[in-house]
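Report on the structure
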Amino acid sequence: MAPWRTLRRALVPPLCRAFPGRGCHLAPERGAECREAAPSRENALQTPNCRFKLNIIRRKLKLKIDEKLVSRFCPPRKSCHDWIGPPDKYSNLRPVHFYIPEDESPSEQKLRELRQETQEWNQQFWANQNLTFRKEKEEFIHSRLQAKGLGLTAETGQKATLNAEEMADFYKEFLSKNFQKHMHYNRDWYKRNFAITFFMGKVALERIWSKLRLKQKKTSD
């Protein structure tokens, strides 16, 4: 019986590892390897480079998820006016919920759709621009701190920062690099505003004309 017990002890653990089933468990030496390897992975994730990259990835994923979510702000159902919602977390712009009247004319519909399209375009531009700004700002601070031999956390435990003169270099570089992008944005913004102003004047004239016709009709009757 002793040789059989010795043989069983030698064969059962490898077989359990090779053919795992409901009654099989991870071998002790395999579990020990995993437990020994876990602290090394945790320590690797605590390095400044890994923390910095993980923060950027989290923010990107959060932005993509939030872009798919519908705003929770909803005006009253019986409201007959446009409503301005709270500032967006990423673009810092206040979304407008446009009222759609039942007797909306073609010009009024065109004006509303143009304003909605402009709002979505504006929202997307500034959300992306602010995300890029924050990302490049963190990368700039991280590179400057590394050049000084400092970490992302100060001795007091707070997040390490740069002084105003050092940050001025980043602001100047960011504005210079995005100069053409801002020029194109301003050009498109003026075009859209002129179109919106034109349709606003057209709608105002149509409303005045309809009131005059209604008044003439009442006087003639």
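**Observations concerning the environment of Asp 82**
Its location among the elements puts Asp 82 in the loop between helix H3 (48–68) and strand S1 (83–84). The class of Asp 82 is partly exposed, set by a relative accessible area of 38%. Between the C-alpha atom of Asp 82 and that of Val 96, which follows or precedes it by 14 residues, the distance is 6.8 Å. Not counting residues up to four positions away in its chain, the partners in contact with Asp 82 are Val 96, His 97, Phe 98, Tyr 99 and Arg 115. Polar side-chain contacts of Asp 82 include one of 2.8 Å to the backbone nitrogen of Tyr 99.

**Quick word on the nonpolar core**
Core analysis: the largest hydrophobic core is formed by eight residues, namely Phe 140, Ile 141, Leu 145, Ala 160, Leu 162, Met 167, Phe 170 and Phe 174. Mapped onto this core, the elements with two or more residues apiece are helix H4 (106–147) and helix H5 (164–177). The next biggest cluster of nonpolar side chains, apart from the first, holds five residues, and it includes Leu 111, Leu 114, Phe 199 and Val 203.

**So, the pattern of salt bridges**
Working definition: two side chains of opposite charge can pair if their charged atoms are close together. Taken as a whole, this structure holds seven salt bridges when the rule is applied. Residues Glu 136 and Lys 177 are paired through a salt bridge, measuring 3.0 Å at the closest nitrogen-oxygen approach. Placement of Glu 136 in helix H4 and of Lys 177 in helix H5 is noted, with a sequence separation of 41 residues between them. The shortest N-O distance in the salt bridge between Arg 187 and Asp 188 comes to 3.6 Å. Residue classification places Arg 187 among the partly exposed positions, given a relative accessible area of 42%.

**Some thoughts on a nonpolar patch on the surface**
Taken together, the side chains of Leu 205, Ile 208, Trp 209 and Leu 212 present a nonpolar region at the surface, about 460 Å² in accessible area. With respect to the helices, strands and loops of the structure, Leu 212 is situated in helix H6 (residues 179–220).

**Let's talk about the packing of aromatic side chains**
Under the definition given, this model contains 13 aromatic pairs. Judged by centre distance (6.2 Å) and plane angle (10°), the ring pair of Phe 133 and Tyr 171 falls under stacked. Of the two residues, Phe 133 is situated in helix H4 and Tyr 171 in helix H5; the sequence distance between them amounts to 38 residues. Overall, the relative accessible area of 37% leaves Tyr 171 in the partly exposed class. Their ring planes at 35° and their centres at 5.9 Å tell us that Phe 170 and Phe 174 sit as a pair that is tilted. Here the residue Phe 170 and the residue Phe 174 both occupy positions in helix H5, the gap between them amounting to four residues, near one helical turn.

Each value, and the rule that gives it
Residues numbered from 1 in each chain as written. Predicted model: local features only at pLDDT ≥ 70, side-chain atom pairs only at ≥ 80, totals over all residues. Heavy atoms only, no water. Helix = DSSP H or I, 4+ residues; strand = E, 2+ residues; numbered from the N terminus. Buried < 20%, exposed > 50% of the residue type's maximum accessible area, 1.4 Å probe, protein only. Contact = heavy atoms within 4.5 Å. Polar contact = N/O pair within 3.5 Å; in protein donor to acceptor, adjacent residues only side chain to side chain. Core = buried A, V, L, I, M, F, W, Y, C linked by side-chain atoms within 4.5 Å. Salt bridge = Lys/Arg side-chain N within 4 Å of Asp/Glu carboxyl O. Patch = residues over 30% accessible without salt bridge, like charges linked within 9 Å, V, L, I, M, F, W, Y side chains within 5 Å. Areas by Shrake-Rupley, 256 points an atom, 1.4 Å probe, with all protein chains shown as cover. Phe/Tyr/Trp six-rings, centres within 6.5 Å; stacked < 30°, edge-to-face > 60°.

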